[in-house]
Amino acid sequence: MAKDDKKDGWKEFFWNPRTREFCGRTASSWGLILLFYLAFYIFLAGLFTLTMYAMLQTLDDHKPTYQDRLSTPGMMIRPKGEQLEIDYTIDFTETWERYVGALNNFLSPYNDSVQAQKNYECKPDQYFIQEDSGSLKNFPKRSCQFNRSILEDCSGITDRYYGYNDGKPCIFIKLNRVIHLLPSADKNPPFVTCAAKKYKVGKDEWADDSHKIGQLMYFPPNGTFNLMYYPYYGKKSQVNYSQPLVAIKFLNITMNEDVNVECKINANNIAVGSERDKFAGRISFKLRINSRF
Ligand SMILES: *[C@@H]1O[C@H](CO)[C@@H](O)[C@H](O)[C@H]1NC(C)=O
Ligand SMILES: *[C@@H]1O[C@H](CO)[C@@H](O)[C@H](O)[C@H]1NC(C)=O
Ligand SMILES: *[C@@H]1O[C@H](CO)[C@@H](O)[C@H](O)[C@H]1NC(C)=O
Ligand SMILES: *[C@@H]1O[C@H](CO)[C@@H](O)[C@H](O)[C@H]1NC(C)=O
Ligand SMILES: *[C@@H]1O[C@H](CO)[C@@H](O)[C@H](O)[C@H]1NC(C)=O
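The rules behind each value
Residues numbered from 1 in each chain as written. Chains lettered and ligands numbered in written order. Predicted model: local features only at pLDDT ≥ 70, side-chain atom pairs only at ≥ 80, totals over all residues. UniProt positions renumbered as here; feature names shortened; annotations may be inferred. Helix = DSSP H or I, 4+ residues; strand = E, 2+ residues; numbered from the N terminus. Rg over C-alpha atoms; globule rule 2.2 N^0.38 Å. Buried ≥ 20, exposed ≤ 12 C-beta atoms within 10 Å, placed from the backbone. Contact = placed C-beta atoms within 7 Å. Pairing = 2+ DSSP bridges. Axes fitted to C-alpha atoms, helices over the stretch in contact; angles between N-to-C directions. Near = placed C-beta within 6 Å. Nonpolar A, V, L, I, M, F, W, Y, C, P; charged D, E, K, R; others polar.

Where an unreviewed UniProt entry is consulted, the protein appears under the name Sodium/potassium-transporting ATPase subunit beta, with the organism given as Phoxinus phoxinus. In UniProt, the protein has this text filed under Function (unreviewed entry): "This is the non-catalytic component of the active enzyme, which catalyzes the hydrolysis of ATP coupled with the exchange of Na(+) and K(+) ions across the plasma membrane." The record in UniProt for the protein states the following under Sequence similarities (unreviewed entry): "Belongs to the X(+)/potassium ATPases subunit beta family."

Right, here's the structure in full:
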């Protein structure tokens, strides 16, 4: 008996035919509750859309709102093997032709004809400033020509194998793009220098390959990045920007041995990075050129 009562009590809680209540509320009461939540959620969605819209209005298409304060740009070399290692045998063409192919592709956008078509002949040795004036956007911003021919012996024009076939290879260096970076505080342009890298051979014992590196030649002269390529305003503002390059030709490197090289940027407005950030302002790589003779 008691059991049946309980069961009926539960049933009545869900649906009470006498009072026409469902879960203790009438249909109109439930309707009001649903209406309230519906209105509430529509209000929330509206608020979200409105804030999102307001925030997007404050973003500028042409420059990132937040950017890490990278005071020291990274450097990279071309051609780039997996381990930053250039290793080949002069007598076996197939061991170096991939480097030549990679450089042909890499330098193709720097062809004088391409540069003449895309870019502007800037006044050298000074920054190419193109600021916006107030809300008036200086857009699109122009970029300066970097002609492949100024790389001379490393341009691939006079010597189409970039010296790889006679053991005097060219390595190309570029500085990663940093928006608004002014690399020099005065008229002196930043320049690249390369030397034998020190490496550890034991506890407190260091060695380097300075006796093996041989003479180096830099293109453009002195390994400079001309100031006219700075500042960089970003991909969207400066659509045709060509990153300046420095080429290093190894004129008399020792064959059949590993040679550890480190190149770094010298600029009075760029601090060379710490050991912690090993790509900041410097890069090291290994060269090994084999010869049967
Ligand atoms: C650039 O010049 C080289 C020859 O110097 C040519 O093979 C290559 O197709 C050119 N690239 C472009 C994009 O014009
Ligand atoms: C780049 O090459 C083009 C075509 O030969 C030439 O007109 C232009 O003056 C050169 N630009 C620079 C900066 O040397
Ligand atoms: C970018 O290069 C194209 C040709 O490839 C040229 O028509 C355009 O005017 C250039 N834009 C700027 C901003 O220099
Ligand atoms: C290269 O550097 C030397 C000495 O620092 C300077 O006298 C010379 O004018 C520079 N050459 C170029 C082309 O900048
Ligand atoms: C090239 O380097 C070797 C030592 O590695 C040296 O004996 C030779 O004199 C150098 N040649 C030139 C032209 O500098």
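From this point, the narrative continues.
A. Geometry of the overall build of the protein. The helix and strand tally for the protein stands at five helices and 13 strands. Taken over C-alpha atoms, the radius of gyration comes to 33 Å for the protein, far larger than the 19 Å a tight globule of 293 residues would show. With the C-alpha coordinates of the protein rotated into their principal frame, the extents come out at 110 × 55 × 40 Å. In the protein, which comprises 293 residues, the share counted as buried stands at 25%. At a minimum sequence separation of 6, the contacts of the protein that also span at least 24 residues come to 77%.

B. Highlighting the environment of P189. Positionally, P189 belongs in the loop between β6 (170-175) and β7 (191-196). Given 23 C-beta atoms within 10 Å, P189 falls into the buried group. Taking the C-alpha atoms as reference points, P189 and N16, separated by 173 residues in sequence, lie 89 Å from one another. Contact partners of P189, with chain neighbours within four places excluded, come to S184, T224, F225, N226 and L227.

C. Spotlight on the sheet that holds strand β3 (residues 25-26). With antiparallel pairing, the three strands of this open sheet are ordered in space as β1-β2-β3. In this open sheet, the two strands that pair with only one neighbour each are β1 (15-16) and β3. Both β1 and strand β2 (residues 21-22) contribute to a ladder of two bridges, which runs antiparallel. Bridging from a neighbouring strand, W15 pairs with F22 of β2.

D. Just the sheet that holds strand β10 (residues 216-219), in detail. Spatial ordering of the open sheet is given by β4-β6-β11-β10, a layout of four strands whose pairing is antiparallel. Pairing within the sheet leaves two strands with one partner each, and these edge strands are β4 (75-78) and β10. Going from strand to strand, the sheet's axes swing by 25 degrees on average, the running direction of each strand aside.

E. How the structure looks around the site of ligand 1. The environment of ligand 1 is formed by S108, N111, V114 and I157. Among the residues forming the shell around ligand 1, the class breakdown is two nonpolar, two polar and no charged.

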